[in-house]
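Each chain, written out:
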Amino acid sequence: MGRTEVVSRALSGDIRAVSRLISLIEDCVPGFEGLYSEIYPFTGKAHVIGITGPPGSGKSTLVDKMAAVCRERGKTVGIVAVDPTSPFTGGALLGDRLRMQRHALDDGVFIRSMGTRGQLGGISRATSGAVDVLDAAGYDYVIIETVGVGQSEVEIASIADTVVLVQVPGLGDDIQVIKAGVMEIGDLFAVNKKDRPGVERVVAEIRIALELSSVASRGGGGTSRIAGSAGHHGVSALGAAGSEREETVDEEAARPCWHPPILQTLAETGEGVGELFDACDEHMRYLAGTGELDDRRYRRARSETMQIASGRIWRGLTDDRGAFAAAEELAWKVARREIDPYSAGNELYEMIVK
Amino acid sequence: MGDSMGTDTGRKIRVLVAKPGLDGHDRGAKVVARALRDAGMEVIYTGLRQTPEQIVAAAIQEDVDVIAMSILSGAHNVLFPKVMDLLREKGVDDILVVGGGIIPDEDIPALKECGIADIFTPGTSTSETVKFIEENVKRRS
Ligand SMILES: Nc1nc2c(ncn2[C@@H]2O[C@H](COP(=O)(O)OP(=O)(O)O)[C@@H](O)[C@H]2O)c(=O)[nH]1
Ligand SMILES: [Mg+2]
């Protein structure tokens, strides 16, 4: 399969071509940017859902059941499952597919496992690339599974249209839910393993944390983020995703605002997963209906563009021996207090961008 | 080509570790999976009781360089050749396939004949398996 053939075949949904194209982008083979530019015009149609949460919380099991729901509804789904690469060996054990293998023979489900390959944050640019390939290949949904450690939750929010935060009872610390900066990125909360004791407590903790973060982000005024969502706990309330009003008017923004629903799931049996899927669809309707979708996609585009530009500048520094030597010399001068770090940084910058 | 700070891009050897057949033990497969990971490879583990069709479909979606299969149940003479046939049917010729498990010496020539690159029996050290894979991957830029 030649390079141009890979693109045209991937765009028509050919599975081998889709798979190969993801590799070419993931490996950053020479010329991959050209391939990317050929598929990019065909992206933007899929609903990209990010699933994140602690290890062992049942994310892969949940994704497997979501894929089943997707198929029952006649939709196709691409899955990108990201696991950490060992910083010591560069290798990775990618075990998410294990829980999804029953879909292997279904052409409407494409599953790709990925290592983070040393990206500090956890979600690599390669993930973004795989999402775009699957989107361009015509999958209706693209689901990204990522372990919620370090920065990866925040990064997933920059790629996904809808972020599902998975929590479970019995992890023993209340902090799991309230980790700073993480609540804010959840568009939906799935409290999985509802067969385990302590589910109600986790739901209550999430609700309180949501309320607090909502109050904080509004400076104590305005509508509570979860006002009107009193019925939002558990499967019994899940009709909410479709029927009850999710949206109330946010006086400040004069646009309806989203109250993250808290759903209970039992991924092992699939209980509650249909409702979770409904809530994802509802969230997409909200995004599309309010213009928030355009905002999110603009933010993703901006952060990717900046990242690529800063990556090039960084490479300019590390690849160019002259610049690298200059950087070392400047650093010594700063260390000896001969110049200050800003002057050194600016001098180096001038050198690289020249 | 790197991307930005802290990246380590470029090709990595990707291996699908699969357990075809009905036997319920995957300790051996897991040991191999960890050894390959420790050698810097990306290992996709698909679990027990995989059909040849599932193995081949997963290998294609994951775009692996290597399929490593292990069988203890004695069905290797059926299942290994079946995987090779399916790969040929799909026009896949750039995946290295190796097998392991409890496989009598007299079965090995026929398995190699049908395209299994090598067979690793229980006495083989994992470092031999790693070395064989590193030296024999068929791919590619
Ligand atoms: N009791 C119970 N166990 C579950 C449930 N969902 C998943 N599990 C189990 O939790 C473990 C981890 O699941 P996995 O999907 O791999 O979690 P991940 O690490 O978040 O992807 C597995 O043993 C699953 O069978 C659930 O709803 N209830
Ligand atoms: Mg998982």
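Anyway, here's the lowdown on the structure attached to this text. Remember, it's a predicted structure, so these values are computed and weren't measured experimentally.

So, about the coordination of the magnesium ion (ligand 2). Residue and element names in this part refer to chain A. The protein atoms donating to the magnesium ion (ligand 2) are Ser60 (OG), Asp96 (OD) and Glu145 (OE), with metal-donor distances spanning 2.2 Å. When the donor residues of the magnesium ion (ligand 2) are listed from N- to C-terminus, their spacing reads S-x35-D-x48-E. Here aspartate 96, found in the loop between strand 3 (92-94) and strand 4 (109-115), pairs with glutamate 145, found in strand 5 (residues 141-147); they are 49 residues apart in sequence, far enough to count as distant. With relative accessibility at 8%, the residue aspartate 96 sits in the buried group.

Here we take up the sheet that holds strand 3 (residues 66-71) of chain B. In spatial order, the strands read 3(A)-2(B)-1(B)-3(B)-4(B)-5(B); together these six strands make up an open sheet with parallel pairing. One side of each edge strand has no neighbouring strand; the edge strands of this open sheet are strand 3 of chain A together with strand 5 (118-120) of chain B. Taking the axes of each pair of neighbouring strands and ignoring which way they run, one obtains an average angle of 25° across the sheet. As paired elements, strand 4 (residues 96-101) of chain B and strand 5 of chain B share three bridges and run parallel to each other. Each residue of the ladder has a partner; that of glycine 100 of chain B, found in strand 5 of chain B, is phenylalanine 120 of chain B. Contacts from helix 1 (residues 27-38) of chain B reach strand 3 of chain A together with strand 1 (14-18) and strand 2 (42-45) of chain B within the one sheet, and its direction differs from that of strand 2 of chain B by about 155°. The strands touched by helix 5 (residues 126-136) of chain B within the sheet are strand 3, strand 4 and strand 5 of chain B, with strand 4 of chain B carrying the most contacts at an inclination of about 165°.

As a further point, take the pattern of salt bridges. Counted according to the given criterion, the structure contains 32 salt bridges over all chains. For glutamate 62 of chain B, the salt bridge is made with arginine 14 of chain B, and the minimal N-O distance between the two is 2.9 Å. A residue pair is termed long-range when its members are at least 10 positions apart, and glutamate 62 of chain B in the loop between helix 2 (52-61) and strand 3 and arginine 14 of chain B in strand 1 qualify at 48 residues. A single burial state applies to glutamate 62 of chain B and to arginine 14 of chain B, both of which are buried. It is possible to trace a salt-bridge network through shared partners that takes in Glu26, Asp27, Arg97, Arg112 and Arg117 of chain A together with Arg11, Arg14, Glu42, Glu62 and Asp65 of chain B.

What follows deals with the side chain of glutamine 61 of chain B. Relative to the helices and strands, glutamine 61 of chain B is located in helix 2. In this structure the side chain of glutamine 61 of chain B is engaged in a polar contact, spanning 3.0 Å, whose partner is the side chain of arginine 97 of chain A. One polar contact links the side chain of glutamine 61 of chain B to the main-chain amide nitrogen of isoleucine 111 of chain A, over a distance of 2.8 Å.

In this section: the side chain of arginine 97 of chain A. With respect to the helices, strands and loops of the structure, arginine 97 of chain A is situated in the loop between strand 3 and strand 4. Non-local contacts of arginine 97 of chain A, meaning those with residues more than four positions away in its chain, are made with Ala104, Ile111 and Ser113 of chain A together with Ile44, Thr46, Ala58, Gln61 and Glu62 of chain B.

So, about the site of ligand 1. All names here are of chain A. Around ligand 1 lies a shell of 17 residues, among which Lys59, Thr61, Arg99, Asp195 and Glu268 are the nearest. Within the side chain of asparagine 192, one N or O atom sits 3.2 Å away from a nitrogen atom of ligand 1. Measuring from an oxygen atom of ligand 1, one finds a side-chain N or O atom of lysine 193 at 3.0 Å. Within the complex, the protein chains bury 80% of what would otherwise be the 580 Å² of accessible surface of ligand 1.

What counts, and where the lines are drawn
- Residues numbered from 1 in each chain as written.
- Chains lettered and ligands numbered in written order.
- Predicted model: local features only at pLDDT ≥ 70, side-chain atom pairs only at ≥ 80, totals over all residues.
- Heavy atoms only, no water.
- Donors = N, O, S within 2.8 Å, 3.2 Å for Na, K, Ca; no water.
- Helix = DSSP H or I, 4+ residues; strand = E, 2+ residues; numbered from the N terminus.
- Buried < 20%, exposed > 50% of the residue type's maximum accessible area, 1.4 Å probe, protein only.
- Pairing = 2+ DSSP bridges.
- Axes fitted to C-alpha atoms, helices over the stretch in contact; angles between N-to-C directions.
- Contact = heavy atoms within 4.5 Å.
- Salt bridge = Lys/Arg side-chain N within 4 Å of Asp/Glu carboxyl O.
- Polar contact = N/O pair within 3.5 Å; in protein donor to acceptor, adjacent residues only side chain to side chain.
- Near = heavy atom within 4 Å.
- Areas by Shrake-Rupley, 256 points an atom, 1.4 Å probe, with all protein chains shown as cover.

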